[in-house]
Amino acid sequence: MKKVLLVTAIAALCSHSVQAEVNISGFASVMGGKLTSGTGVPEFGLGPTFLANYPTVGVYEDEWTFKPDSKFGLQMTADLTEGLTATVQLVGRGADDFEAGFEWAYVSYELNEHWTIQAGKKRLPLYYYSDFFDVSYAYLWVRPAADNYTWQIFNYTGVNAQFNYQLGDWAMSGNIYTGREDDGENKLLSEFFGSQPVREIWKDIIGGVLSFNRDWLDLRFTYMTYQNERYSAGVPVLWNGKNTRRGNFAGFSANVDYNNWLLLSEVNRLTLDGGDFDTYLISAGYRIEQWTPYISYADFDSEGEVHSTASLGVRWDFHSSAAFKFQFDDVTDDGYDGLQVAGDSRAITLGIDLVF
Amino acid sequence: MKKTWLATIVALAVSSPVAQAEVNINGFASIKAGKASSGDSLYGYTDEIDFKNESLFAVQFQSDLGEKLSVTAQLMARGNNDFDAEFEWAFLTYQLDDAWRVNAGRLRTPFYKYSDFRDVGYAYDWLRTPQSVYDLGFDTIEGVSVYHSGSIGDTQSSVQLVYGAYDGEVTLQGTKAPAQINNIFGASWELSQDWLSVRVAYLVGAVTVDAPVFNPLFTALNGAGLNSIVKAIDFDDDDGSFFGLGMNYDRNDWLMVAEYTHVKVKDTFYANQDSYYLSLGRRFDSVTPYISYEKDQDDAKPEIYAGLPANFPLLLPIASIVMSQEFENTAWNLGMRYDFHPAAAFKVELTSSENNMTNQKDSLIAVGVDLVF
Amino acid sequence: MNWLKVMTLTTAMTVTSAMAEVAVIVHPSNAATVDQAEITRLFTGRGTTFSSGSKATPLNLAESAAARGEFDSKVLSKSSSQMKAYWSKLVFTGKGTPPKELTSDADMKAAVAADATAIGYIDAAAVDGTVKVLAKF
């Protein structure tokens, strides 16, 4: 009798303390690079530049620098109670002088085997690599193609529902989300594309992602719509007399990982108040033991702003948790007068990505 | 009954979290308060008590990934930055063997003896590192560092080589200006044996500072055909160098620490800086009182405008910029460290700083607690 | 005859050690059946139940264990680096967490024997009566 009581007491005590389990994991990238040549944009007074990362304004110039693509991330997940977890992810980017910010902060509740609802601050899952953009270890190249990932807003605060089902041989998963983002001083618009502090708001965001996976094939469909509001130095920006404009994203991605061959492709279109912004990416790689050489071509096309990048590189998985990467990028900026971004450039980048 | 009991114990043992990549967490914190004498201001303190200026809190995450690779990230929140968190350093380490180690990422610039732990108040006896010497800025660079530790007979030797770049801000003429220091190459060597250690450090880099406040002057000078004067004043990829010497004596409870540094940047109006300090302390069980003397001597470069005629219209602004760098300051510190707990130390320090050119004196008293955890 | 026997024995032994079979194990009371696709689903976070509908708790060996590399390449058809990249996409985007890791075959057997929902794997040579083998690779 006594023994049973003791056992029950111990079991109750321990099961309670195990619930506060906190798991810490992280990722890091130490990348250095420089231009080998560049034209810059003389009209804007911009010297030779390679804009490797639009949203964080990660820029390479003539001198060796480790800042644009280096970053550190720490994630802490706490298991609160049955099915409920809380997660925060702190990221410090070289381009932001390693200021640590909460990139993700959300609670997650597992409704059942197929559905999970989440609420909080998350990354906007527009393109294939949007979600895990900072976790460089997870993808082939040094960075997801800059020409594709050019948007100034990449987080949102809201609610979303994730689901996954098995349909015969296909694994289907998806995400439906809604929320908004209000960036008081948007870095890309305030510093690179302008000189005034710009407040960028994306509101009434509604979007969805649907993925299908079967063995070596991965297909993803994405659609999102939002309302854009902008203030430049406090003054509302007007488009056709209105202070909001609607944007619609649509995209498709197909990835193949078959017998050491990798084929990655993505095509996306943003329609903003009548104007179209098209991007696409095509990349191929071949795995030879721990080495994976790759090539990649990415393109951005809109009325006036046109640029593309051809890349050649290699990934070496020299360690079970780390990969060395070397990449050469050749950027061609064919923007019409006044709509160039950073001019033509050629640059090399190398370094190590890891997860822990 | 027996079966249930055994099963439960096994279940409990198994349900404890199994670490995947183990993450080690350490941290340190300083809670400091200071107040300058009425009308004075020193080291960021005014004559009103300030608890934020020198307080900070840091957490360090380190993970051993196996196969000689590990990663370290230190997150710091400083009171004088409103406690906004920043990755103070973040680097990968590859331990080649027992003697050689390579770090890559955001690193601490190895200028001074206490560069590596200047934020870890617990690591030294004073309340703050001597400001006349530890005032260069550029504390963190992004780059690669190679360490070698070995011994020469009975003496321990550690060598550090560093290559990197700095991209941040400096304070020039009272205003903040963006600065880059590229192609930083440096080496430091420390020898220690029993109660004595000596250190020497030498670093060079190409300094560029963008100070738009000087643009009107530079435009005027260029217009007058005096491009050579502009080149002699501005910070445009100019060679900077840092030389430092340090020593530490710790014997029979008597402590002595001294450091000397010499900094110059060629072809700029930056004065040639000579700074040093000497600190003497005595350990009495868990109390260590100390006294220290600091001197900062900056020699301006009047030779920049020496060739100009006396009635030259722009002579006055040039001379004032160049001579504003002339500076001489001495400071006395009297303080005490009290180790009241194995992981915490109480500090109190009185400082009297005198500007030898203007004969202005500023006094400061500060108290604080440094913790490690 | 004796010589032939020795030859056969030696060959058999060499073959076994080169193969280093991995045995997928569950609790002795677990009546589920699995195929390679099913095991892959459970170990890549794409499912949390057996085909019978009962709950499944996948357990991994640590990377230092030999059977882990065998499992990743034979059953999941991926290298450990590829699996790591795959999980980091899920972990850092809130879409899943990798299975808990045990450091040795002995720890794995103890964990599986204690949890009716567990599914794990060990070196085939380490199998004993405390666990039930569902498949071998």
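Conventions adopted
Residues numbered from 1 in each chain as written. Chains lettered and ligands numbered in written order. Predicted model: local features only at pLDDT ≥ 70, side-chain atom pairs only at ≥ 80, totals over all residues. Helix = DSSP H or I, 4+ residues; strand = E, 2+ residues; numbered from the N terminus. Buried ≥ 20, exposed ≤ 12 C-beta atoms within 10 Å, placed from the backbone. Contact = placed C-beta atoms within 7 Å. Rg over C-alpha atoms; globule rule 2.2 N^0.38 Å. Nonpolar A, V, L, I, M, F, W, Y, C, P; charged D, E, K, R; others polar. Core = buried A, V, L, I, M, F, W, Y, C linked by C-beta atoms within 7 Å. Pairing = 2+ DSSP bridges. Axes fitted to C-alpha atoms, helices over the stretch in contact; angles between N-to-C directions.

Engineer: Explanation requested: the overall build of chain C in the structure shown.
Structural biologist: When helices and strands are tallied, chain C shows five helices and five strands. Seen in sequence order, chain C has helices and strands lined up from the N terminus as α-β-α-β-α-α-β-α-β-β. A burial count over chain C gives 36% of its 137 residues as buried. Across chain C, the fraction of contacts at a sequence separation of at least 24, relative to all contacts at a separation of at least 6, is 66%.

Engineer: I'm lost on the overall build of chain A in this one. Help?
Structural biologist: Per the secondary structure count, chain A includes two helices and 19 strands. Relative to the 2.2 N^0.38 estimate, which gives 21 Å for 356 residues, the radius of gyration of chain A is 22 Å and therefore close to what a compact globule would have. With respect to the principal axes defined by its C-alpha atoms, chain A has extents near 90 × 55 × 45 Å. Every one of the 356 residues in chain A was classed for burial, and the buried ones make up 41%.

Engineer: How should the interface of chain C and chain A be read in this particular structure?
Structural biologist: It is common to report an interface's size as the accessible area lost on association of the parts. Counting from both sides, the interface comprises 17 residues of chain C and, opposite them, 23 residues of chain A. By residue number, the principal contributor to the side of chain C that touches chain A is helix H4 (residues 80–91) of chain C, which donates seven residues. Class assignment of the residues belonging to the side of chain C that touches chain A gives a composition of three nonpolar, eight polar and six charged.

Engineer: I'm lost on the nonpolar core in this one. Help?
Structural biologist: The nonpolar side chains of a soluble globular protein tend to be buried, and buried together. Core analysis: the largest hydrophobic core is formed by 126 residues, its most contacted members being Leu354(A) and Leu92(B). If one sorts the elements of this core by residue count, strand S4 (residues 85–95) of chain B sits on top with six residues. Residues contacting Leu354(A), with those up to four places away along its chain left out, are Phe27(A), Ala28(A), Tyr137(A), Ser321(A), Ala322(A), Leu65(B), Val71(B) and Leu92(B). Residues Ile25(C), Met108(C), Ala111(C) and Tyr121(C) belong to the second largest nonpolar core, which totals 25 residues.

Engineer: Help me understand the pairing of strand S16 (residues 360–372) of chain B in this model?
Structural biologist: Side-chain direction in a regular strand flips from residue to residue, so the side chains alternate between the two faces of the sheet. All names here are of chain B. The sheet contact formed by strand S1 (residues 23–36) and S16 spans nine bridges and is antiparallel. Of the residues in S16, the one forming a bridge with Ser30 is Asp370. Sheet analysis places strand S15 (residues 344–355) next to S16, joined by 12 bridges and oriented antiparallel. Opposite Glu349, over in S16, you have Ala366 as the bridge partner. Here S15 hands over to S16 after four residues, with Asn359 in that stretch at a positive phi of 60°.

Engineer: Whenever I open this one, the sheet that holds strand S2 (residues 57–61) of chain C confuses me. Can you help?
Structural biologist: Strands pair in a sheet through their backbones, by hydrogen bonds, and they do so in one of two ways: parallel or antiparallel. All names here are of chain C. With respect to topology, five strands assemble into an open sheet ordered S3-S2-S4-S1-S5, the strand pairing being mixed. Where the open sheet ends on each side, the last strands, each with one partner, are strand S3 (100–102) and strand S5 (132–136). For this sheet, the mean inter-axis angle between neighbouring strands, taken without regard to orientation, is 35°. The sheet contact formed by strand S1 (residues 22–26) and strand S4 (residues 118–123) spans five bridges and is antiparallel. Paired with Val26 across the bridge in S4 is Ile119.

Engineer: Help me understand unusual backbone geometry, please; the structure alone is not making it clear to me.
Structural biologist: Residue and element names in this part refer to chain B. Located in the positive-phi region is Phe83, a residue other than glycine, with phi close to 60°. Along the chain, Phe83 turns up in the loop between strand S3 (69–78) and S4. On the basis of neighbour count, Phe83 is assigned to the partly exposed category, with 13 C-beta atoms found within 10 Å. Despite not being glycine, Asn252 has its phi angle at roughly 50°, a positive value. Along the chain, the position of Asn252 falls in the loop between strand S10 (238–251) and strand S11 (254–265). With 8 C-beta atoms counted inside 10 Å, the residue Asn252 sits in the exposed group.

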